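# Inside the fold
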Amino acid sequence: MQLLNIGFGNTVMIERIVAVINTGSSPARKLKELAKSEGKLVDVTEGRRTRSILVMDSNHVILSSVQPDTISQRIQAMQPSYHLAGLSAAEKPGETES
């Protein structure tokens, strides 16, 4: 279990994150409103501007004041690197053996 800091001492489990999205789009705003109406919205911005929305596997939506790029960099720093070059041809996703 790895915990990711999403701002102001709040953490989430990396394995439970489905998506990290920017707040600028209309679908993102609709997602936020839908989660609020269902009681699944968690706001950890502490009154600051919402910069990213985290969608969790439990259908919870978390509002964070940390930029999506920063969250992505934190996730990559905590996860072991995954390189396709190190896999054999049979193990590469999307490829089939002839």
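Throughout this description, residue numbers start from 1 for each chain and increase along the sequence as written. In keeping with the predicted nature of the model, local features appear solely for residues at pLDDT of at least 70, side-chain atom pairs appear and are counted solely at 80 or more, and the whole-chain, interface and lining totals rest on all residues. Working from all heavy atoms in the structure, the side-chain values ignore hydrogens and water.

### Considering the overall build of the chain
- A run of H or I in DSSP becomes a helix once it reaches four residues, and a run of E becomes a strand once it reaches two; helices and strands are each numbered from the N terminus. Summing up its helical and strand segments, the chain has two helices and six strands in all.
- The classification of residues rests on relative accessible area computed with a 1.4 Å probe and restricted to protein chains. Under 20% of the type maximum is buried, over 50% is exposed, and intermediate values are partly exposed. Residue burial in the chain is summarised as follows: out of 98 residues, 27% are buried.
- Here, residues are in contact when the closest pair of their heavy atoms is within 4.5 Å. Contacts in the chain between residues far apart in sequence, at least 24 positions, make up 46% of those at least 6 positions apart.
- If you sum the accessible surface of the chain, you get close to 6700 Å²; carbon and sulfur atoms cover 50% of it. For the area figures, the Shrake-Rupley method with a 1.4 Å probe applies, and any residue is considered shielded solely by the protein chains shown.

### Here's the deal with the nonpolar core
- What is meant by a nonpolar core is a set of buried Ala, Val, Leu, Ile, Met, Phe, Trp, Tyr and Cys residues, joined one to another through side-chain atoms within 4.5 Å. In terms of nonpolar packing, the biggest core is built from twelve residues, these being L4, I6, V12, I14, I17, V44, L54, M56, I62, V66, I71 and I75.
- For this core, the elements supplying multiple residues, two or more each, are β1 (3–7), β5 (52–56) and α2 (68–78).
- Apart from the residues lying within four places of it in its own chain, the contact partners of L54 are I6, V12, I17, A19, V20, H60, V61, I62, S64 and I71.
- With five residues, the next largest nonpolar core counts A28, A35, I53 and V61 among its residues.

### A word on α2
- Along α2, the positions that sit buried rather than exposed are P68, I71 and I75. What you see down the axis of α2 is that its buried residues fit within an arc of 65°, all on one side. Of the exposed residues in α2, the ones pointing more than 90 degrees away from its buried face are D69, Q73, Q76 and A77.
- The elements touched by buried residues of α2 are β1, β3 (17–22), β5 and β6 (61–64). This arc is taken over the directions from the axis of the helix to the C-beta atoms.

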